[in-house]
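# Structure at a glance
Given next are the chains, with one letter for each unit.
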Amino acid sequence: SLPLVVPNRERERDRPIASSFTMAIRSPASLLLFAFLMLALTGRLQARRSSCIGVYWGQNTDEGSLADACATGNYEYVNIATLFKFGMGQTPEINLAGHCDPRNNGCARLSSEIQSCQERGVKVMLSIGGGGSYGLSSTEDAKDVASYLWHSFLGGSAARYSRPLGDAVLDGIDFNIAGGSTEHYDELAAFLKAYNEQEAGTKKVHLSAAPQCPFPDYWLGNALRTDLFDFVWVQFFNNPSCHFSQNAINLANAFDNWVMSIPAQKLFLGLPAAPEAAPSGGYIPPHELISQVLPILKDSDKYAGIMLWTRYHDRNSGYSSQVKSHVCPARRFSNILS
């Protein structure tokens, strides 16, 4: 098609605006203010570019502290992993792979680190599930687990519940369900979200989920059809049917299927941060993610960034540092002064 030709009268209409702007910044004081505003704008752009990445922390003592992970500026979300035992009448247990021992209240010291992350604008979630012993046997069981999570990690304060991670109030719960029963997770999500309305003035409860990329997810299929989840990081690894392999077609088709099939508005591409993080494959080298995958996914209004498994592997590979300036959707920069 032919290029659009702007009539001269439109060009003339634009000139006074540009001229007025030039006149406005000629004085030394105005120039100084203009320079300050541009520096501030650049800083905000850089801050936005360093986000849109989630990561799982808590699975290896060599990954460094939680506070150090947040201090990198590479992450917008950190999932503390993991609460591996809950439901079915069991006493809930958290395992942070040697970082601390919750049996002697040793993990309460993480409270200050969680707060440090939150002060940097990082949302800190508790991940439940993974490899462990868990499940929900009934609606009442889901309600009991929701109560436990609310009072032990979120905004609740009932005295009969201990707080394994100290007094810090987490931002929400991440559902990383990969075993056990498949029922009642929609009810658990609903009970947790209900606290947003029941406890006015407390911090909002966010929900995230990490389903396997073949749709629908076996364990969370029903829950993800609700509109209760804020962030969904789909695991595009250890699932060969939707891996990236020499081209992005399989991956893009699988991502589109999620976009069209669930109501969540923020979908993340879940990736291993190093080849050894995903024994069954799915690793995408940073340069191929940037050049071949992200340009396709950014066409989706629901694309929101990437999730990395895990902080340990990312710390060793530097994956997030290599890709962070390319990850955010373009629309994130359209209204940065709002």
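Model, not experiment: these values are computed from the prediction.

Let us now look at the packing of aromatic side chains. As enumerated under the stated definition, the model contains 18 aromatic pairs in all. Judged by centre distance (6.3 Å) and plane angle (40 degrees), the rings of phenylalanine 236 and phenylalanine 255 are tilted. Highlighted residues: phenylalanine 236 in the loop between strand S7 (231–235) and helix H8 (249–261) and phenylalanine 255 in helix H8, separated in sequence by 19 residues. A residue is classified by how much of its surface remains accessible, and phenylalanine 236, at 1% relative accessible area, is buried. On the basis of relative accessibility, which here comes to 1%, the residue phenylalanine 255 falls in the buried class.

Per the stated rule, a full pass over the model turns up four disulfides. In this model cysteine 52 forms its disulfide with cysteine 328; the gap between the sulfur atoms is 2.0 Å. With the S-S dihedral at roughly 100 degrees, the linkage between cysteine 52 and cysteine 328 falls on the right-handed side. Separated by 276 residues along the polypeptide, cysteine 52 in the loop between helix H2 (28–49) and strand S1 (53–57) and cysteine 328 in the segment after helix H11 (319–327) bring together distant segments of the chain.

What follows concerns the layout of surface pockets. Taken as a whole, the largest pocket encloses approximately 360 Å³ of empty space. Lining the largest pocket are 19 residues, and of these Pro92, Glu93, Ile94, Pro102 and Arg103 lie nearest its centre. Among the residues making up the lining of the largest pocket, the classes are represented as ten nonpolar, five polar and four charged. As for the second largest pocket, its lining consists of 19 residues, of which Gln59, Gly130, Gly131, Asn176 and Trp309 are closest to the centre. Secondary-structure elements contributing two or more residues to the lining of the second largest pocket are strand S2 (77–86), strand S4 (123–134) and strand S9 (303–309). Tallying contributions element by element places S2 first for the lining of the second largest pocket, with three residues. The class makeup of the residues in the lining of the second largest pocket is ten nonpolar, nine polar and no charged.

A word on the pattern of salt bridges. One pass over the full model with this rule turns up five salt bridges. Of the charged contacts in the structure, one is a salt bridge between lysine 85 and glutamate 93, with a shortest N-O distance of 3.1 Å. Overall, glutamate 93 belongs to the partly exposed group, its relative accessible area being 34%.

Rules used throughout
- Residues numbered from 1 in each chain as written.
- Predicted model: local features only at pLDDT ≥ 70, side-chain atom pairs only at ≥ 80, totals over all residues.
- Heavy atoms only, no water.
- Phe/Tyr/Trp six-rings, centres within 6.5 Å; stacked < 30°, edge-to-face > 60°.
- Helix = DSSP H or I, 4+ residues; strand = E, 2+ residues; numbered from the N terminus.
- Buried < 20%, exposed > 50% of the residue type's maximum accessible area, 1.4 Å probe, protein only.
- Disulfide = S-S within 2.5 Å.
- 1 Å grid on protein atoms, 1.4 Å probe; cavity = no way out; pocket = protein on both sides within 12 Å on 5 of 7 lines; lining within 4 Å.
- Points joined across faces, edges and corners; volume = space filled by probe spheres on them.
- Nonpolar A, V, L, I, M, F, W, Y, C, P; charged D, E, K, R; others polar.
- Salt bridge = Lys/Arg side-chain N within 4 Å of Asp/Glu carboxyl O.

Function-wise, these values are silent; they only describe arrangement.
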